Amino acid sequence: GEDVEQSLFLSVREGDSSVINCTYTDSSSTYLYWYKQEPGAGLQLLTYIFSNMDMKQDQRLTVLLNKKDKHLSLRIADTQTGDSAIYFCAETSSGTYKYIFGTGTRLKVLA
Amino acid sequence: GAVVSQHPSWVICKSGTSVKIECRSLDFQATTMFWYRQFPKQSLMLMATSNEGSKATYEQGVEKDKFLINHASLTLSTLTVTSAHPEDSSFYICSASTLRAGGDTDTQYFGPGTRLTVL
């Protein structure tokens, strides 16, 4: 079946940029998402990108998509302690309702 | 916009009892609702998908008689864990999807989750 992989942990210092990476196998992916999950809470949609885009920027967030390599990244500029959370990428294909979630990356921001 | 609520946020019950969890889309009508289960430090596992007025579609390995899903309206879905056992203890998250304007794929909006502990 289709697979989405993420590195498990990332630690950065407050004020630095964070880059969270995601690779996927589904060549028919149309939408790719980034969600944030804080402890004991549900998932908050941060941003999404359509597969015909290379980049999308939304305030401190920049999403880069390399469709050829099936690689997605989320860059958080000026990372703050409040950004500490688990970040999930997810992908879906046109015509299907199912999301395939990555394993999640735990971001820890050091003061 | 696109707010999804769950109730209760946490519940503790005795083994053998049944527990109902509600999922509501507060400011939109959801074409589809989803139920996920999340184990500690793991990703989300899709349990079932439900559309209003029709039977839920369960993922392989999920017991439909144990996890009863009712989708009574476009804004409410319920998950009932029947005859709960300690191994059913988990974090249950629902999501509701709506067709994105101009898009061909739904976007899922997630509830805050319900932590179930079965003693």
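Scoring rules and cut-offs
- Residues numbered from 1 in each chain as written.
- Chains lettered and ligands numbered in written order.
- Predicted model: local features only at pLDDT ≥ 70, side-chain atom pairs only at ≥ 80, totals over all residues.
- Heavy atoms only, no water.
- Phe/Tyr/Trp six-rings, centres within 6.5 Å; stacked < 30°, edge-to-face > 60°.
- Helix = DSSP H or I, 4+ residues; strand = E, 2+ residues; numbered from the N terminus.
- Buried < 20%, exposed > 50% of the residue type's maximum accessible area, 1.4 Å probe, protein only.
- Lys NZ or Arg CZ within 6 Å of the ring centre and 35° of its normal.
- Core = buried A, V, L, I, M, F, W, Y, C linked by side-chain atoms within 4.5 Å.

Asker: In this structure, what is going on with the packing of aromatic side chains? I would like to understand it.
Answerer: For any pair of aromatic rings, geometry is given as the distance between the ring centres together with the angle between the planes. Tallied over the entire structure, the rule returns 17 aromatic pairs over all chains. Judged by centre distance (4.6 Å) and plane angle (20 degrees), the ring pair of Tyr-33 of chain A and Tyr-99 of chain A falls under stacked. Of this pair, Tyr-33 of chain A sits in strand β4 (residues 29–37) while Tyr-99 of chain A sits in the loop between β9 (85–93) and β10 (100–101), and the two are 66 residues apart along the sequence. On the basis of relative accessible area, Tyr-99 of chain A is assigned to the buried category, the value being 5%. Ring geometry for Phe-88 of chain A against Phe-101 of chain A: centres 6.4 Å apart, planes inclined by 90 degrees, an arrangement best described as edge-to-face. One end of the pair, Phe-88 of chain A, is in strand β9; the other, Phe-101 of chain A, is in strand β10, and 13 residues separate them in sequence. What links up through ring pairs into an aromatic cluster is the set Tyr-31, Tyr-33, Tyr-35, Tyr-48, Phe-50, Phe-88, Tyr-99 and Phe-101 of chain A together with Phe-34, Tyr-36 and Phe-110 of chain B. Cation over ring: Lys-56 of chain A sits above Tyr-48 of chain A, and NZ or CZ is 4.2 Å from the ring centre.

Asker: Can you help me understand the nonpolar core in this one?
Answerer: Residues Trp-35, Phe-67, Leu-79, Tyr-92 and Leu-116 of chain B are the most contacted members of the largest nonpolar core, which totals 24 residues. Listed by contribution, the elements that provide at least two residues to this core are β2 (10–13), β3 (19–25), β4 (32–38), β5 (44–51), β7 (67–73), β8 (76–81), β9 (90–99) and β11 (114–118) of chain B. Counting 20 residues, the second largest nonpolar core, distinct from the first, contains Val-12, Cys-22, Leu-46 and Ile-49 of chain A.

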